[in-house]
Amino acid sequence: MIHEVVIGLEVHAQLTTRSKLFCGCPTTFGAAPNTQTCPVCQGMPGTLPVINRRAVEHGVRAALALGCRINAACRFARKHYYYPDMPKNYQISQYEEPLAEDGALEVDLPGGGTTRVGIQRLHLEEDVGKLVHEGSLETAQASLVDFNRAGVPLMETVSRPDIRSPEEAAAFLRAFRAVLVDLGVCDGNMEEGSLRCDANISLRPRGAAALGTKVEIKNMNSFRNVQRALEHEAERQARVLDAGQRVVQETRLWDAERGVTRAMRSKEYAHDYRYFPEPDLVPLRLDPAWVEEIRRGLPELPRARRERFIAEHGLPPYDATVLTQSRALAEYFEATVREFPNPKAVSNWIMSELLRALPGDDERAIAASPVTPARLAGLLRLVEDGTISGKIAKDVFERMLRSGEDARAIVDREGLTQVADAAELAAVIERVLAENPKPIEDFRKGKAAAAKALVGLVMKATGGKANPGLVNRLLQEKLARM
Amino acid sequence: MAAELTRLTVHELAAAYRRGDTTPGAVADAYLARIAALEGRVGAYLTVTAEAARAAARAADDRFARRAPLGPLDGVPIALKDVLCTAGVPTTCGSRILESFVPPYDATVVSRLRRAGAVFLGKTNMDEFAMGSSTEHSAFKPTRNPWDLERVPGGSSGGSAAAVAGELAAAGLGTDTGGSVRQPAAFCGTVGLKPTYGRVSRYGLIAFASSLDQVGTFTRTVRDCALLLGAIAGADPCDSTSVDRPVPDYVAQLERGVAGLRIGVPREYFAEGLDPDVRSAVEEAVATLRGLGAATRDLSLPTTDHGIAVYYIIAPAEASSNLARYDGVKYGLRAPGGRDLVEMESRTRAAGFGAEVKRRIMLGTYALSAGYHEAYYGRAQKVRTLVRRDFDRAFAEVDLIVAPTTPGVAFRIGEKEDPLAMYLNDVFTVPSSLAGLPAVSVRCGFSRAGLPIGLQLIGKAFDEPTVLAAAHAYERATSWAERRPAIA
């Protein structure tokens, strides 16, 4: 049977606030254990939560960018389960009245085309702490708790089951990450856990309307692992169904090392969360004027920017997609174009040279590139005015990346300027023709390719510095007279 | 002289300090001496902070000597219910599970009183986690009623009530969730106020039922009550449910009187089961208020009967959540011998919580669990709204409601073993708690056995000035406040 894969994602994004969601403790990653805690985030008796306005603002920004409806009044709720990394043994989250609902994200697919993934809801909640086991979980005599992360603001976004392949899931996550990073609400760092993803996946016969039994997959810590885990799980479910069996609704953990998912014991996830409205926080009423102000302050988002790059810079869609994968890269491109107004040439150089050295979605790396937009523009000008050849320019670019120098400085010091002196080149051509009778013979026999070989030989003799156009013209003249 | 000092009201102390008749140091010593002599019989305190009290009193002495007192509470000895967090001083909530807990911070009400110069004598006994109406459910000891040591002081704030009634503190703080200030105030014959929900910060009040808990006061006069409320009331950035409204000068508004005030008397509060002594005392009080110029009238609060049922769903539901944090991981008791996490937590909670607390955790967990959530918690919330509407309707027609605080007077220790009989003690205090309204209990007579009777005055939200002015007018028109318990 041909199965259709149906995937929905739940993404937890850590918001880039300076302080925690319900207290004033800092959120810096990697501090010594329990140094970023206070009675509130340690869940001490008698303490009360106070909502962080900035976290709400970040949530609203993201919700607006995703086209969600912002609920005029939302509430926090307590979600109960016992675990020692959770100081109160309940998590303050949102349940029946989330911050925002009903949005969508347009996602460009790797194979071309786009898909629209609905956003069911977006809400705020506090993160939990971290358990540190002495040795391994199996052998540890004691476990230690670090509450530095407890209370750090998280935004949970739940997509609708609109994703149709593991590849699409990864594309959705990349696009989603780019939006959050662009908005400045999340740093998108998956290694530090700033972005975490769980997935629901089910299979159904192609064309069927009803959804199949879904399985939840947890513990995927990179986009690549999300895709791998979902690919594995889709295959597993297909095998189950093809064997005439039924998929069991359960939660499975992705084991990246072994490349498989395994079922969690039902004890590990069968909770009755006993949600009820958090009585320590009053309902959050958002001033429509404030929401409007946030809307007006929204930056240009990746998709809008891509459209603009096509319209304004006349770029092919592929180039626009590559260049808008991060705001840093898009800004790099536009800064270069301002100084060297040939968008396609700039695009070619960025795609073929810059992105060979630096990952385009790494905001920090792009922003810190040793070849600044001004320097790249300088290099392109040298090519344009014939000072150096395109081939030499690629070498110069490599050197610029290593040394952070200006193109001009490298070209001058290394003597890489093109030889455009006709008399000088004529002498080299004489010498090359004298030393290579075979190509001349071939040329006379009508082999046009022989002329190209001769150009190459002349270029080689000049160490690549000769102006190829000039060499070609001089050589043609010489051969015509022979 | 020393015995006389502990008879003075807070206002009298402040005047005496200003005149130089006595000093905070002398008064603190007088109280500590009286505590040393009588505490063994009353059992009002779980911790007496004698050293800290003397040091605070000496600092107040210096301020009065420099003629720079901090205000009318400077040097006033106050008792704090052990549910309020005090930096560096054990705060047990009357529970084994918090026996070793020493908070690193002060509750907002504590820091406000500290800044006003109050001298804290210690932490008072209470029903464990404020769950109870007799202070018999303290994990450590019962507290006895100063009017009759064989009887309970009421609860859960029985320690503070007994301390103020027995002159073991000039004033005290308690907390009221379903009557835990008003009921012991009635049993011990003190003035006991539960302010409007949101009037006083809950930060540092160890939560029982968050949507109901409110810090309240125990004093010997209504005037002292007004003074103490003014000191602790007001918005707190650490408590989102505290309301940002100006705090009126409650003392300045005490003399407004009751002339022309429309007072309602709810007939449901005079139904079967009301002690005849209480009935006649309260009816007499209504007549007194009428004599002072109030227009009294009969009214109905039809949902009164449902109050207890609603309360015993909502309060345990919230409690089951609030008490989840006591797991032996972070602070307080950790029972030994657990082989894994679940065993460590269950052993700790089994050993650390008393029977009444366990009962309410189970009730609340059940009420919130899947499949029953809507039938219990959801339904209770709806009925709570109806209770609120009852009061809204009533307050469209009257300015104040008066009623008995409790159906009976202080009962004997051990008398009410059936939990339900105990719960029914709160029948007159629970509805106004569910509605978040301010209510005060003042002494309005004595039973034939010589036990105090409480008159409850319930006001509109944030209308403490009217509640206190009426209570003050009543107190001034009667001489009940003059009688002192035999223990003194």
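Residues numbered from 1 in each chain as written. Chains lettered and ligands numbered in written order. Predicted model: local features only at pLDDT ≥ 70, side-chain atom pairs only at ≥ 80, totals over all residues.

Undergrad: Account for the overall build of chain B, with residues named and values stated.
TA: Of the regular secondary structure elements, chain B holds 16 helices and 11 strands. With respect to the principal axes defined by its C-alpha atoms, chain B has extents near 65 × 55 × 45 Å. Expressed as a percentage of the 488 residues in chain B, the buried residues total 60%. (Helix = DSSP H or I, 4+ residues; strand = E, 2+ residues; numbered from the N terminus. Buried ≥ 20, exposed ≤ 12 C-beta atoms within 10 Å, placed from the backbone.)

Undergrad: Pulling in residues and values, what's your account of the sheet that holds strand β7 (residues 114-126) of chain A?
TA: All names here are of chain A. Strand order in the open sheet formed by 9 strands is β2-β6-β7-β10-β1-β11-β12-β13-β14, and the pairing between neighbours is mixed. On the outer flanks of this sheet lie β2 (69-70) and β14 (260-263), each paired with one strand and no other. Pairing of strand β1 (residues 3-14) with strand β10 (residues 153-159) involves 5 bridges; the strand directions are antiparallel. In the sheet register, Gln14 faces β10, and the bridge partner there is Leu154. (Pairing = 2+ DSSP bridges.)

Undergrad: Account for unusual backbone geometry, naming residues and giving values.
TA: Put simply, Gly155 of chain B and Ser156 of chain B share a cis peptide bond, and its omega is 10 degrees. Following the sequence through the fold, Ser156 of chain B ends up in the loop between β3 (119-124) and α6 (158-165). For Asn89 of chain A, which is not glycine, the phi torsion reads 60 degrees and is therefore positive. As for its position among the elements, Asn89 of chain A is in the loop between β4 (77-80) and β5 (90-93). With phi around 55 degrees, Arg67 of chain B is a residue other than glycine that occupies positive phi space. Looking at the secondary structure, you find Arg67 of chain B in the loop between α4 (50-65) and β2 (77-81). Residue class for Arg67 of chain B comes out exposed when judged on the 8 C-beta atoms lying within 10 Å of it.

Undergrad: So what's going on with the domain arrangement of chain A? Residues and values would help.
TA: For an interface, size is often stated in terms of accessible area lost upon the parts coming together. When its domains are assigned, chain A resolves into domain 1 (3-294), domain 2 (302-414) and domain 3 (422-481). Centre-to-centre separation of domain 1 of chain A and domain 3 of chain A, based on C-alpha positions: 66 Å. (Domains from an automatic or database assignment.)

Undergrad: Break down the confidence of the model for chain B for me, with residues and values.
TA: Caution applies to low-pLDDT parts of the model: their predicted coordinates are not meant to be read in detail. Here chain B averages 96 in pLDDT, and 99% of its residues register 70 or above. Across the assembled chains, the prediction reports ipTM 0.95 with pTM 0.87. (pLDDT = per-residue confidence, 0-100.)

Undergrad: Tell me about helix α14 (residues 422-435) of chain A, residues and numbers included.
TA: Residue and element names in this part refer to chain A. The terminal C-alpha atoms of α14 lie 20 Å apart, and with 14 residues this matches the ideal 20 Å at 1.5 Å per residue to within 8%. Restricting attention to buried positions, one finds in α14 the residues Leu425, Ile429 and Val432. Looking straight down α14, one finds its buried side chains confined to an arc of 65 degrees; they lie on one side. In this structure, α14 carries Ala423, Glu424, Ala427, Glu430, Arg431, Ala434 and Glu435 as exposed residues pointing more than 90 degrees from its buried face. Each element contacted by the buried residues of α14 is listed here: α16 (449-461) and α17 (468-481). (Expected span 1.5 Å × (residues − 1). Arc of directions from axis to C-beta. Contact = placed C-beta atoms within 7 Å.)

Undergrad: Give me the lowdown on the interface of chain B and chain A, citing residues and values where you can.
TA: Contact with chain B, which involves 33 residues of that partner, is made by 25 residues of chain A. Of all the secondary structure elements, the ones that give two or more residues to the side of chain B that touches chain A are α10 (307-322) and α11 (341-352) of chain B. Grouping the constituent residues of the side of chain B that touches chain A by class yields 19 nonpolar, 7 polar and 7 charged. (Nonpolar A, V, L, I, M, F, W, Y, C, P; charged D, E, K, R; others polar.)

Undergrad: Kindly report on the domain arrangement of chain B, identifying the contributing residues and their values.
TA: Residues and elements named next belong to chain B. For chain B, the assigned domains are domain 1 (2-253) and domain 2 (305-381). Taking only C-alpha atoms, the centre of domain 1 and the centre of domain 2 are 28 Å apart. At the interface, 21 residues of domain 1 touch 18 residues of domain 2. In the side of domain 1 that touches domain 2, the residues fall into 10 nonpolar, 8 polar and 3 charged.

Undergrad: Talk me through the sheet that holds β4 of chain A; I want residue IDs and the actual numbers.
TA: Residues and elements named next belong to chain A. Pairing is antiparallel in the open sheet, where 3 strands are placed in the order β5-β4-β15. Across the chains shown, the open sheet's two edge strands, defined by having one partner strand only, are β5 and β15 (276-277). Sheet analysis places β4 next to β5, joined by 4 bridges and oriented antiparallel. Paired with Arg78 across the strands is Ile92, a residue of β5.

Undergrad: Residues and numbers for the nonpolar core, please.
TA: Grouped together as the largest cluster of nonpolar side chains are 226 residues, with contacts concentrated most on Phe172 of chain A together with Ile78 and Val119 of chain B. It is helix α2 (residues 166-183) of chain A that contributes the most residues to this core, 12 residues altogether. Apart from residues no more than four positions distant in its own chain, Ile78 of chain B is found in contact with Leu113, Ala118, Val119, Phe120, Leu121, Ala169, Ala170, Ala171, Gly172 and Leu173 of chain B. Core analysis: the second largest hydrophobic core is formed by 34 residues, Leu315, Ala328, Ile366 and Ile410 of chain A among them. (Core = buried A, V, L, I, M, F, W, Y, C linked by C-beta atoms within 7 Å.)

Undergrad: Explain the environment of Leu315 of chain A residue by residue, including any values.
TA: Residues and elements named next belong to chain A. Among the secondary structure elements, Leu315 is positioned in the loop between α6 (302-313) and α7 (317-323). Taking the number of C-beta atoms within 10 Å as the measure of exposure, Leu315 has 22 and is therefore buried. Separated by 194 residues in the primary sequence, Leu315 and Arg121 have C-alpha atoms spaced 35 Å apart. With sequence-adjacent residues up to four places away left out, Leu315 is seen in contact with Phe309, Ile310, Ala320, Pro343, Lys344 and Ser347.

Undergrad: Explain the environment of Pro146 of chain B to me, using residue names and the numbers behind them.
TA: Residues and elements named next belong to chain B. Secondary-structure assignment places Pro146 in the loop between β3 and α6. C-beta crowding within 10 Å serves as the criterion here: with 28 such atoms nearby, Pro146 is assigned to the buried category. Taking the C-alpha atoms as reference points, Pro146 and Gly189, separated by 43 residues in sequence, lie 9.7 Å from one another. What Pro146 contacts, discounting residues up to four positions off in sequence, is Val42, Ala162, Ala165, Gly166, Cys188, Pro485 and Ile487.

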